[in-house]
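Next come the chains, spelled out residue by residue.
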Amino acid sequence: MVQSQASTVDQYLAELPDERRAEVETVREVIVANLPGGYVEAMMWGMITWSVPMEVSGPTYNKQPLSYVALAAQKRHYSVYLTTVTGEGEESFRSRYEATGKKLDMGKSCVRFKRSSDLALDVIGDEIASVPVDAFLAWYRTVKP
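Residues numbered from 1 in each chain as written. Predicted model: local features only at pLDDT ≥ 70, side-chain atom pairs only at ≥ 80, totals over all residues. Heavy atoms only, no water.

Chemist: What should I look at first to understand the overall build of the protein chain in this one?
Modeler: Across its full length, the protein chain carries six helices and five strands. For a compact globule of 145 residues, the expected C-alpha radius of gyration is about 15 Å, and the protein chain comes in at 15 Å, within 12% of that figure. Projecting the C-alpha coordinates of the protein chain onto the three principal axes gives extents of approximately 40 × 40 × 25 Å. Intrachain contacts of the protein chain at a sequence separation of at least 6 include 53% that bridge at least 24 residues. For the protein chain, the exposed area adds up to about 7,800 Å²; of that, 51% sits on carbon and sulfur atoms. (Helix = DSSP H or I, 4+ residues; strand = E, 2+ residues; numbered from the N terminus. Rg over C-alpha atoms; globule rule 2.2 N^0.38 Å. Contact = heavy atoms within 4.5 Å. Areas by Shrake-Rupley, 256 points an atom, 1.4 Å probe, with all protein chains shown as cover.)

The structure is reproduced here in structure tokens:
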């Protein structure tokens, strides 16, 4: 996995070649447009991350803000990390995604893609919009007691 050393989202985007920046910006726009209030955008782990601030979540297992969604340009592809599509949420997400006719290339919680047009952006947007901060914290507490 390629990790950026950028400390801000603007720096991260600026270091990408134009074509790769355009792909990341397209997906980022969908994420931001659908993101419930209370999540904060920042650079974490070398990628753009939307997380719950620690002053809201309280202490975490790794002493870092709770990551909800992340977006990264990898060496040969891009990835959107959707924390809540693991476990119980996976079957529903896969079903909704596959109903669009788009091919799903998914790991545990990451959806890999070569072009933003390969993604079912409406399904990704709906998934992101469906989990407000309080619901995410409740979910997190059931999977990471």
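Chemist: I would appreciate a short explanation of unusual backbone geometry in the present structure.
Modeler: Trans is the common state for peptide bonds, and a negative phi is the common state for residues other than glycine. In this structure, W45 is a non-glycine residue whose phi angle is positive, near 55°. Tracing the backbone shows W45 in the loop between strand 1 (40-44) and strand 2 (47-52). The phi torsion at K63 lies on the positive side, around 60°, for a residue other than glycine. Looking at the element boundaries, K63 is found in the loop between helix 3 (54-57) and strand 3 (66-73).

Chemist: It is not clear to me how the packing of helix 4 (residues 88-98) against helix 5 (residues 121-129) should be interpreted in this structure. Could you clarify?
Modeler: Describing two packed helices takes the angle between their axes plus the distance from one axis to the other. Relative orientation of the contacting elements helix 4 and helix 5 amounts to 150°, with a least axis distance of 9 Å. By the angle between their axes, helix 4 is roughly antiparallel relative to helix 5. Crossing geometry of helix 4 relative to helix 5 is assigned as right-handed. Along its contact with helix 4, which presents F93, R96 and Y97, the element helix 5 presents V123, I124, D126 and E127. Class assignment of the residues belonging to the contact of helix 4 with helix 5 gives a composition of four nonpolar, no polar and three charged. (Axes fitted to C-alpha atoms, helices over the stretch in contact; angles between N-to-C directions. Parallel < 35°, antiparallel > 145°, perpendicular 65-115°, else oblique. Left-handed = near helix turned anticlockwise from the far one by under 90°. Nonpolar A, V, L, I, M, F, W, Y, C, P; charged D, E, K, R; others polar.)

Chemist: Honestly, the packing of aromatic side chains in this entry has me stumped. Any pointers?
Modeler: To describe a pair of aromatic rings, one takes the distance between the centres and the angle between the planes. This structure, assessed with the given rule, holds six aromatic pairs. Measuring from centroid to centroid gives 5.2 Å for Y78 and F113, while their planes differ by 20°, and the two rings are stacked. Residue Y78 is located in strand 4 (residues 78-82), and its partner F113 is located in strand 5 (residues 110-113); the two are separated by 35 residues in the primary sequence. You can call Y78 buried: its relative accessible area is 3%. Judged by its relative accessible area of 4%, F113 falls in the buried class. Taken together, the ring pairs connect Y39, Y68, F136 and W139 into an aromatic cluster. (Phe/Tyr/Trp six-rings, centres within 6.5 Å; stacked < 30°, edge-to-face > 60°. Buried < 20%, exposed > 50% of the residue type's maximum accessible area, 1.4 Å probe, protein only.)

Chemist: Mind showing me how you'd approach the packing of helix 2 (residues 18-34) against helix 5 here?
Modeler: Axis separation between helix 2 and helix 5 bottoms out at 8 Å; the angle between their running directions is 35°. Taken as a pair, helix 2 and helix 5 cross one another with a handedness that is right-handed. Packed against helix 2, whose contacting residues are T26, V27, V30, I31 and N34, the element helix 5 presents L121, G125, I128 and A129 at the interface.

Chemist: Would you mind showing me how to read the pairing of strand 3 here?
Modeler: Working note: regular strand, side chains alternate between the two faces of the sheet. Among the eight residues of strand 3, seven are classified as buried, and the element is accordingly described as predominantly covered. Taken together, the five bridges between strand 2 and strand 3 define a ladder with antiparallel strand orientation. Residue T49 lies in a different strand from strand 3, and its bridge partner there is A70. Here strand 3 folds back onto strand 4, and the loop between the two strands holds four residues. (Pairing = 2+ DSSP bridges.)

Chemist: Can you walk me through helix 5 in this structure?
Modeler: Residues separated by three or four positions in an α-helix point in the same direction, a consequence of the helix having 3.6 residues per turn. Within helix 5 the residues assigned to the buried category are V123, I124, G125, E127 and I128. Contacts made by the buried residues of helix 5 are with helix 2, strand 3, strand 4 and helix 4.

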